[in-house]
Amino acid sequence: MNPPGFLRTAWLVFGVDLRIERRTGEATITALLFAALVLVVSAFALAESGAEAAAAGPAAFWIAVGLSANLAVVRSWTRERDDAALDGMLLAPVPRAAILAGKTASLATTLFAVEVVLAAPAILFFRVPVSPPAAWILPAAVLATLGIAVVGSLFGAMVVGGPSADLLVGVAIYPLLIPLFLGVVEISRAALLGGGWAEVSGWMMLLLAFDLALGMGALWLFGHVVEE
Amino acid sequence: MNDSGRSPDLSGSPTPVEVLGVARLFGAVRALAGIRLRLEPGQFVLLVGPNGAGKSTLLRILASLLRPTAGHVLYGGRTAIDAGCALRSRLAFLAHRTQLHADLTGREAIELAAALRGAPAEAVEGWAERLRVRSFQGRAVRTYSRGQTQRVALARTFVGDPALVLLDEPTTGLDPDAVAVLQDLLGEQKARGATLVVATHDPQLFVRLADRTVRIEAGRVVSDTGPEAGA
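Below you will find a few notes about this structure.

Cut-offs used in this document
- Residues numbered from 1 in each chain as written.
- Chains lettered and ligands numbered in written order.
- Predicted model: local features only at pLDDT ≥ 70, side-chain atom pairs only at ≥ 80, totals over all residues.
- Heavy atoms only, no water.
- Helix = DSSP H or I, 4+ residues; strand = E, 2+ residues; numbered from the N terminus.
- Rg over C-alpha atoms; globule rule 2.2 N^0.38 Å.
- Buried < 20%, exposed > 50% of the residue type's maximum accessible area, 1.4 Å probe, protein only.
- Contact = heavy atoms within 4.5 Å.
- Areas by Shrake-Rupley, 256 points an atom, 1.4 Å probe, with all protein chains shown as cover.
- Lys, Arg positive; Asp, Glu negative; His and termini not counted.
- Charge placed at Lys NZ, Arg CZ, Asp CG, Glu CD.
- 1 Å grid on protein atoms, 1.4 Å probe; cavity = no way out; pocket = protein on both sides within 12 Å on 5 of 7 lines; lining within 4 Å.
- Points joined across faces, edges and corners; volume = space filled by probe spheres on them.
- Nonpolar A, V, L, I, M, F, W, Y, C, P; charged D, E, K, R; others polar.
- Axes fitted to C-alpha atoms, helices over the stretch in contact; angles between N-to-C directions.
- Parallel < 35°, antiparallel > 145°, perpendicular 65-115°, else oblique.
- Left-handed = near helix turned anticlockwise from the far one by under 90°.
- Pairing = 2+ DSSP bridges.
- Phe/Tyr/Trp six-rings, centres within 6.5 Å; stacked < 30°, edge-to-face > 60°.
- Lys NZ or Arg CZ within 6 Å of the ring centre and 35° of its normal.
- Expected span 1.5 Å × (residues − 1).
- Salt bridge = Lys/Arg side-chain N within 4 Å of Asp/Glu carboxyl O.

**Overview of the overall build of chain A**
Secondary structure assignment for chain A yields 8 helices and 0 strands. Listed N to C, the secondary structure of chain A is α-α-α-α-α-α-α-α in terms of helices and strands. Here chain A has a C-alpha radius of gyration of 18 Å; the compact-globule value for 228 residues is 17 Å, and the two agree. With the C-alpha coordinates aligned to their principal axes, the bounding extent of chain A is approximately 60 × 35 × 30 Å. Sorting the 228 residues of chain A into buried and exposed places 50% on the buried side. Considering only intrachain contacts with a sequence separation of at least 6, the fraction spanning at least 24 residues in chain A is 85%. Summing over all exposed atoms, chain A offers an accessible surface of approximately 9700 Å²; the carbon and sulfur share of this is 74%. Side chains of chain A carry 11 positive and 16 negative charges; the gap between the two charge centres is 8 Å.

**Observations concerning empty space enclosed by the protein**
One pass over the structure, following the stated rule, counts 2 cavities of 30 Å³ or more. In this structure, the largest cavity encloses a volume near 120 Å³. Lining of the largest cavity is provided by 14 residues; of these, Gly88 of chain A together with Gln99, Leu112, Ala113 and Arg156 of chain B occupy positions nearest its centre. Elements that contribute at least two residues to the lining of the largest cavity include exactly helix H4 (85-90) of chain A together with helix H3 (106-117) of chain B. Of the residues assigned to the lining of the largest cavity, the class counts are 9 nonpolar, 3 polar and 2 charged.

**Overview of the environment of valine 197 of chain B**
All names here are of chain B. Residue placement: valine 197 occurs in strand S7 (residues 195-199). Remark: the alpha-carbon pair of valine 197 and leucine 154, spanning 43 residues in sequence, is separated by 14 Å. Those residues in contact with valine 197 that sit more than four places away from it in its chain are Leu39, Val45, Leu47, Leu59, Val165, Leu166 and Leu167.

**Overview of the packing of helix H5 (residues 96-125) of chain A against helix H6 (residues 137-159) of chain A**
Helix-helix packing is characterised by the crossing angle of the two axes and by the distance between the axes. All names here are of chain A. Relative orientation of the contacting elements H5 and H6 amounts to 130 degrees, with a least axis distance of 8 Å. The pairing of H5 with H6 is recorded here as oblique in orientation. Of the two possible hands of crossing, H5 and H6 adopt the one that is right-handed. Counted together, Leu100, Lys103, Thr104, Leu107, Ala108, Leu111, Phe112 and Glu115 of H5 and Leu138, Ala141, Val142, Thr145, Leu146, Ile148, Ala149, Val150, Ser153 and Leu154 of H6 form the full contact between these two elements. Split by residue class, the contact of H5 with H6 holds 13 nonpolar, 3 polar and 2 charged.

**With respect to the sheet that holds strand S2 (residues 29-39) of chain B**
Residues and elements named next belong to chain B. As summarised here, the arrangement of the 3 strands in space is S2-S1-S4, forming an open sheet in which the pairing is antiparallel. This sheet does not close on itself; its edge strands, each paired only once, are S2 and strand S4 (70-75). Neighbouring strand axes in the sheet, compared pairwise and without regard to direction, differ in orientation by 20 degrees on average. By the bridge criterion, 7 bridges tie strand S1 (residues 17-26) to S2 in an arrangement that is antiparallel. Looking at the pairing, leucine 25 lines up with arginine 30 of S2.

**Here's the deal with the packing of aromatic side chains**
Residues and elements named next belong to chain A. Per the counting criterion, the structure on display carries 7 aromatic pairs over all chains. Judged by centre distance (5.6 Å) and plane angle (35 degrees), the rings of tryptophan 11 and phenylalanine 14 are tilted. Here tryptophan 11 pairs with phenylalanine 14, and both are found in helix H1 (residues 6-24), just 3 residues apart, close to one helical turn. A residue is classified by how much of its surface remains accessible, and phenylalanine 14, at 16% relative accessible area, is buried. With a centroid separation of 6.2 Å and an interplanar angle of 50 degrees, the aromatic rings of tryptophan 77 and phenylalanine 222 are classed as tilted. Residue tryptophan 77 is found in helix H3 (residues 51-81), and its partner phenylalanine 222 is found in helix H8 (residues 197-226); the two are separated by 145 residues along the sequence. An identical accessibility class is assigned to tryptophan 77 and phenylalanine 222; each is buried. Geometry around tryptophan 77 places lysine 103 over its ring, the cationic atom sitting 5.0 Å from the centre.

**Regarding helix H2 (residues 26-45) of chain A**
The end-to-end C-alpha distance of H2 of chain A is 29 Å, a good match for the 28 Å that 20 residues give at a rise of 1.5 Å each. Among all positions in H2 of chain A, only Glu26, Ala27, Ala31, Ala35, Val38, Leu39, Ser42 and Ala43 of chain A are buried.

**Some words on the pattern of salt bridges**
If you walk through the whole model with that rule in mind, you get 22 salt bridges over all chains. Glutamate 125 of chain B is paired through a salt bridge with arginine 107 of chain B; the nearest N and O atoms lie 3.0 Å apart. Separated by 18 residues along the polypeptide, glutamate 125 of chain B in helix H4 (residues 121-130) and arginine 107 of chain B in helix H3 bring together distant segments of the chain. Overlapping salt bridges, with partners in common, bring together Asp17, Glu21, Glu26, Arg75, Arg79, Glu80 and Lys103 of chain A in one network.

In structure tokens:
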């Protein structure tokens, strides 16, 4: 027997999770519908504010993504807790942190898909100027999505399966994610409204540091939080 | 059985399991209260007792999925944390909950277990054949009867040729033919030197194989005897 290492295990878990998501669509569809609703309501509320709407667009977009992430996290971990499927993976002779890495990658993929679908309506609803945004909006979105996914996955593993999981995931992740949302909203606004790199480089470093710190912390903590 | 259809001999790597004063609380509920046991390598131990006695909790602690509130378990002299992956590579646990993803097919569930244990692809075929899951292995687990699910869960359990096998009510949902297959299978596992701990409400099914019967009531071992006393 030659059990897989960290990367191979993470890849296996990622593959299984995406396969299930492709079959059921439960996390993606739930998150997408909810995010779209938040976006539409926000756009409606800000429709009369003209140029300010474009500035508020990134905030509304990331609020929609952030709130819908709660649903995606709960759906993603509910499938691991149903019939104790997670236990089956925890019993394997693999680094347990790799299971979190695979789940995080899968959740990030789901959230990124939601963001891609929401982007066009957001531009339309908030009358964002159609000139191409600065290229660094993409790495900012990737870093923010990864950060949401890693924090969501860690707390999802902890509380999903117990009582009031939806509430507990939200209560646990949103305070932690405040710096990340501030950063990505500022970067998105600058990218869409013609701001320069100098304006956002500090926020970008914050996102990077946030992902590294929380990513390493989550990988270290995961083995402890899943053992009851 | 392994991928070549033969059972690997495990007798050369004896690892006793020592349960040293293990207690477990769930809030105010005491599930286990100072359990002491020593499982010798290659032993077949039946775990019996009424509902709520603590059998499943003890198995989850032995499987390193649950931490004891007090006391500890040593595997060949090492704790589960120290032994880590080395322990889990030798250990398999069939819980009352099946540990299967409902939206994978049975085949995919066994393949995932094999991949995570580093077992060869041939092992998947062998265990699917042995547990007779091939006729329905292409369907999603959520469409299975309880007995079909249990067969897949058993295949997943044995796919890595574990040396320490923990089974919680392994006959749940199985028809008489499948129970007979399971009995043969456990006999083979014992013959190859695996240590087996089986929690059951129907000890007569395994009494021929068992070396010991441990009876638990209210979280305590109330008797630890040979097979004839455990029925």
